Amino acid sequence: MKTLFLSAFLLGAIATSAQNSITLNADKGKDSINRNIYGHFAEHLGHCIYGGFYVGDNNTKIPNKDGVRLDVIDALKKLKVPVLRWPGGCFADTYHWRDGVGPKDKRPSMLNIWWGNVKEDNSFGSNEFLNMCELLGAEPYLSGNVGSGTPQELSDWVKYTSHPNGSSPMTDLREQFGRKTPWRVKFWGLGNEAWGCGGNMKADWYANVYRQYATFMTNWSNTDRLYRIASGASDADYHWTETLMKELPAAMYDAVALHHYSVIDWGKKGPATNFTEQQYFITMQRALLMEELVTKHSAIMDKYDPQKKKALIVDEWGGWYDVEPGTNGAFLFQQNTMRDAMIAGANLNIFNNHCDRVKMANLAQIINVLQAVILTKEEKMILTPTYHVMEMFNVHQDALMLPLTVISANYILGKDTLKAVNASASKDKMGVTHISLVNIDPNKQQEVTINVNGASYKSVTGRILKSDKMQNFNSFENPNKIVPVAYTDAKLEGNKLTVKLPATSVVVLELK
Ligand code: AHR
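Quick caveat, the model's predicted, so the values are computed rather than measured.

Undergrad: Would you take a moment to explain unusual backbone geometry for this structure?
TA: Peptide bonds are, in most cases, trans, and in most cases residues other than glycine have a negative phi. The omega torsion across Trp86 and Pro87 is 5°, close enough to zero to call that bond cis. Summarising the element assignment, Pro87 is placed in the loop between strand E5 (83-86) and strand E6 (110-112). The residue Asp66 is not glycine, and still its phi comes out positive at about 50°. Tracing the backbone shows Asp66 in the loop between strand E3 (64-65) and strand E4 (68-69). Backbone geometry places Glu193, a non-glycine residue, at a positive phi of 40°. By the element assignment, Glu193 lies in the loop between strand E9 (187-190) and helix H6 (203-215). Classification of Glu193 by relative accessible area gives buried; the value is 13%.

Undergrad: So what exactly am I meant to see when it comes to the environment of Asp204 here?
TA: With respect to the secondary-structure elements, Asp204 resides in helix H6. Take Asp204: its relative accessible area is 48%, and that puts it in the partly exposed class.

Undergrad: Sorry if this is basic, but what is going on with the sheet that holds strand E22 (residues 446-453) here?
TA: Backbone-to-backbone hydrogen bonds join strands into a sheet, with any given pair of strands oriented parallel or antiparallel. Taken together, the five strands give an open sheet; going across it, the order is E17-E1-E22-E26-E25, and neighbouring strands pair in mixed fashion. Of all strands in the sheet, those with a lone pairing partner are strand E17 (404-407) and strand E25 (490-493), marking the two edges. When the angles between neighbouring strand axes are averaged without regard to direction, this sheet yields 15°. With six bridges joining them, E22 and strand E26 (residues 496-501) adopt antiparallel strand pairing. Along E26, the bridge assignment pairs Val448 with Val499.

Undergrad: Please explain the packing of helix H4 (residues 151-162) against helix H5 (residues 169-176) as it appears in this structure.
TA: As a packed pair, H4 and H5 sit with axes 8 Å apart at the nearest point and diverge in direction by 50°. The angle between H4 and H5 places the two elements in the oblique class. In this structure, the crossing between H4 and H5 has a hand that is right-handed. On H5, the residues that touch Asp156, Lys159, Tyr160, Thr161 and Ser162 of H4 are Met170, Thr171, Leu173 and Arg174. Considering only residue class, the contact of H4 with H5 consists of three nonpolar, three polar and three charged.

Undergrad: Just to check I follow, could you spell out the packing of aromatic side chains for this structure?
TA: Applying the stated criterion to the full structure yields 22 aromatic pairs. Ring plane angle 55° and centroid distance 6.1 Å describe the contact between Tyr95 and Trp157, whose orientation is recorded as tilted. You can see Tyr95 sitting in the loop between E5 and E6 and its partner Trp157 sitting in helix H4, a full 62 residues away along the chain. Owing to a relative accessible area of 2%, Tyr95 belongs among the buried residues under this scheme. The exposure class assigned to Trp157 is buried, which follows from its relative accessible area of 3%. Feature note: the residues Tyr50, Tyr54, Trp86, Phe91, Tyr95, Trp97, Phe124, Phe129, Trp157, Tyr160, Trp183 and Trp188 constitute an aromatic cluster, connected by ring pairs. Looking at Lys310, its charged tip hangs above the ring of Tyr253, at a distance of 4.7 Å from the centre. One Lys or Arg, Arg339, reaches over the ring of Phe275 and ends 3.8 Å from the middle of that ring.

Undergrad: I keep staring at the pairing of strand E8 (residues 139-144) and nothing clicks. Help me out?
TA: Side chains on a regular strand alternate between the two faces of the sheet. Among the six residues that make up E8, five are buried, leaving the element largely enclosed by the rest of the structure. Judged from the four bridges that link them, E5 and E8 form a sheet pairing that is parallel. Bridging across to E8, Arg85 finds its partner in Tyr141. Pairing analysis gives four bridges linking E8 to E9, with the strands arranged parallel. Directly across from Leu142, in E9, lies its bridge partner Trp188.

Undergrad: In this structure, what is going on with the site of the ligand? I would like to understand it.
TA: In the region of the ligand, the neighbouring residues are Phe41, Glu43, Gly89, Cys90, Trp115, Asn192, Glu193, Tyr261, Glu316, Trp320, Gln365 and Leu370. Interatomic distance of 2.7 Å between a side-chain N/O atom of Glu43 and an oxygen atom of the ligand. Computed on the free molecule, the ligand has an accessible area of 280 Å², of which 93% lies beneath the protein chains in the complex. Residues belonging to the shell around the ligand are distributed by class as follows: six nonpolar, three polar and three charged.

Undergrad: Explain the sheet that holds strand E20 (residues 421-427) here, please?
TA: Taken together, the six strands give an open sheet; going across it, the order is E16-E20-E21-E27-E23-E24, and neighbouring strands pair in antiparallel fashion. Whereas interior strands pair on both sides, the edge strands pair on one side only; in this sheet they are strand E16 (400-402) and strand E24 (485-486). This element, helix H10 (residues 385-393), spans strand E21 (433-439), strand E23 (460-465) and strand E27 (505-511) of the sheet and lies at about 160° to E23.

Rules used throughout
Residues numbered from 1 in each chain as written. Predicted model: local features only at pLDDT ≥ 70, side-chain atom pairs only at ≥ 80, totals over all residues. Heavy atoms only, no water. Helix = DSSP H or I, 4+ residues; strand = E, 2+ residues; numbered from the N terminus. Buried < 20%, exposed > 50% of the residue type's maximum accessible area, 1.4 Å probe, protein only. Pairing = 2+ DSSP bridges. Axes fitted to C-alpha atoms, helices over the stretch in contact; angles between N-to-C directions. Parallel < 35°, antiparallel > 145°, perpendicular 65-115°, else oblique. Left-handed = near helix turned anticlockwise from the far one by under 90°. Contact = heavy atoms within 4.5 Å. Nonpolar A, V, L, I, M, F, W, Y, C, P; charged D, E, K, R; others polar. Phe/Tyr/Trp six-rings, centres within 6.5 Å; stacked < 30°, edge-to-face > 60°. Lys NZ or Arg CZ within 6 Å of the ring centre and 35° of its normal. Near = heavy atom within 4 Å. Polar contact = N/O pair within 3.5 Å; in protein donor to acceptor, adjacent residues only side chain to side chain. Areas by Shrake-Rupley, 256 points an atom, 1.4 Å probe, with all protein chains shown as cover.

Structure representation (structure tokens):
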């Protein structure tokens, strides 16, 4: 009798753990998903800028505008890149913006000490970057040099880029260097990783330094205000966030940052393509940790800012592996597989679901570095699986987040488990609802039942990104191996939707 009861109990438990069910609360939306969650990051590192965005003013082989590749701009426009962070990263705290403006033959060179000690000739500077953002239709986010610069230098950069004509020697310089009107840069980072490459500061020391620098950064009008972002914590350094929230006067900042990379082990990162399932599992563990990090950093912020006036900005995130064999170790060039699609989908779902606090995120990095959306080789360019996920998910930009309750089956490897399915949903300005679903399980299809509360839909369509192996990637020889296709495995019956998610797939549904 006892055995029978136990078996029935166990069977019940197995059956329950194998089911996925989602409740969509379609009438409970209150926060919108800031489009800047779909932001990017470009550093003077390897071939992100040089060779990636910029191929030189006199290049006749690769179509360009003022040296900026047009194939790249075209692809990024389709992605709807809302904001682009520049010039670093670690590079930012060594960068002196004055070296990168004016006639190019007069610009001094420097050594890029963080990224391979290569010569930086400053041919791509503020004017080139800000003009490129205009071409792209993206807002610039400038990372100021706090580690080795001066408050004067940062304050001058604000004036050079944003203040009205004729208001200071800096704005005269801007006119002299060919720019007739200000660009008006809103987003400013005060240093990068101040606890590390940005100066190895302690939290309370950085808080003081921040206050000093922020004091001299002035708005350019009463209505257009600077948005100042404090260099944030690494991973679970909650003390850092707590110190900033306690020590920074509310009027002096708008956001604190957070950096978290999905890396297996900093000493042994593993290959970008030919990885094992064990390596995949750990990468996904790291990626899904973002949920806990965002929740706990937000909880600290809630104590000091219960009305959520200050934002958490995840201005560096993504997968980090060993560089491709035969490439410069300091250039961080890595291929991009379905594993990266899983990281992207899972992290974007987390950011969407936390959009009450997370107002911007910047994938590291946009071209040829780390989890890039674009890879280039001379005149060739390819779009990675991560690009396709960002493109599929961009329907969530500025849409109203609809809360979901997700019960997921487990993805099991040995004794360890992870939730197989993650999701987020939103309603756009036209009243169309989108649900993005990710199945990280590389071995099993997951069937998901979605119960809709508070709305009724007549039709469902969708797109899917999948491939038969999670190690698969797009290459210069086979650039379209992984591309999104129409998804036809969703069934809508009344207020119940059933979907089948193949192993390691990303699906975005459209409900009308
Ligand atoms: O994205 C590469 C580097 O990672 C950045 O320069 C730095 O901020 C981080 O440590």
